[in-house]
Amino acid sequence: MGSMCLLHASLTEYVLLFGTAIDTGGHSGRYWAEIYDTIISGTFRQWKEGTTRSEIYYPGDTIVHQAGEATSVQWSAGTWMVEYGRGFVPSTLAFALADTLFSTQDFITLFYTLRAYTKGLLLEVNAFFSTLGC
């Protein structure tokens, strides 16, 4: 369980704030994008596949999730971070929204998430055509 605030979104990159008020964890997902998480507060624990021990990150640390990499992740209560993703962003949406579709069935949050991403894409398209003088 976490909360996010999308600050920028396009087909090739995004920036968001992510955090949780409770201890939580799960699977990182495996994307066609690199993801950079910079911890603002709290702790972030990551266990990379193929290893036998986890790493703990603290405020000021940046964690890099390489494209195609999968890890186990865990956040302590009160963890907040800035996340920057670069690559094929739609590849991140399927995993990010799968729990909403198949488990929680929280379609209101699904609507809000897709609406925010669509607004970001439309702003990007508008900016692109503005540079062309259209």
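Given the structure is predicted, the values throughout are model-derived calculations rather than measurements.

What counts, and where the lines are drawn
Residues numbered from 1 in each chain as written. Predicted model: local features only at pLDDT ≥ 70, side-chain atom pairs only at ≥ 80, totals over all residues. Heavy atoms only, no water. UniProt positions renumbered as here; feature names shortened; annotations may be inferred. Helix = DSSP H or I, 4+ residues; strand = E, 2+ residues; numbered from the N terminus. Pairing = 2+ DSSP bridges. Axes fitted to C-alpha atoms, helices over the stretch in contact; angles between N-to-C directions. Patch = residues over 30% accessible without salt bridge, like charges linked within 9 Å, V, L, I, M, F, W, Y side chains within 5 Å. Areas by Shrake-Rupley, 256 points an atom, 1.4 Å probe, with all protein chains shown as cover. Salt bridge = Lys/Arg side-chain N within 4 Å of Asp/Glu carboxyl O. Buried < 20%, exposed > 50% of the residue type's maximum accessible area, 1.4 Å probe, protein only.

Caption draft 1: Structural detail: the UniProt feature "signal peptide" (unreviewed entry) in the protein chain. Residues annotated in UniProt with the feature "signal peptide" (unreviewed entry) correspond here to residues 1–21. End C-alpha atoms of residues 1–21 are separated by 9 Å, and the span's content is 0% helix alongside 71% strand.

Caption draft 2: Representation of the sheet that holds strand S8 (residues 71–75) within the structure. Pairing in this open sheet of four strands is antiparallel, and the strands run S3-S8-S5-S6 from one edge to the other. Each having just a single partner strand, strand S3 (24–27) and strand S6 (55–57) make up the two edges of the open sheet. Direction aside, the axes of adjacent strands within the sheet are offset by 20° on average. Two elements, strand S5 (residues 44–48) and S8, share five bridges in a ladder whose sense is antiparallel. Across the sheet, Arg45 pairs through a bridge with Gln74, a residue of S8.

Caption draft 3: Geometry of a nonpolar patch on the surface. Taken together, Leu7, Leu17, Ile40, Trp80 and Val82 make up a surface patch of nonpolar side chains, about 420 Å² in accessible area. Here Leu17 shows up in strand S2 (residues 13–20).

Caption draft 4: Quick look at the pattern of salt bridges. Tallied over the entire structure, the rule returns three salt bridges. When the shortest N-O distance is used, the salt bridge between Glu49 and Arg30 registers 3.0 Å. Pair noted here: Glu49 is in the loop between S5 and S6 and Arg30 is in the loop between S3 and strand S4 (33–41), with a separation of 19 residues, a long-range link. Of the charged contacts in the structure, one is a salt bridge between Glu69 and Lys48, with a shortest N-O distance of 3.6 Å. In this pair, Glu69 is assigned in the loop between strand S7 (62–65) and S8 and Lys48 in strand S5, connecting sequence segments 21 residues apart. For Lys48, a relative accessible area of 33% corresponds to the partly exposed category.

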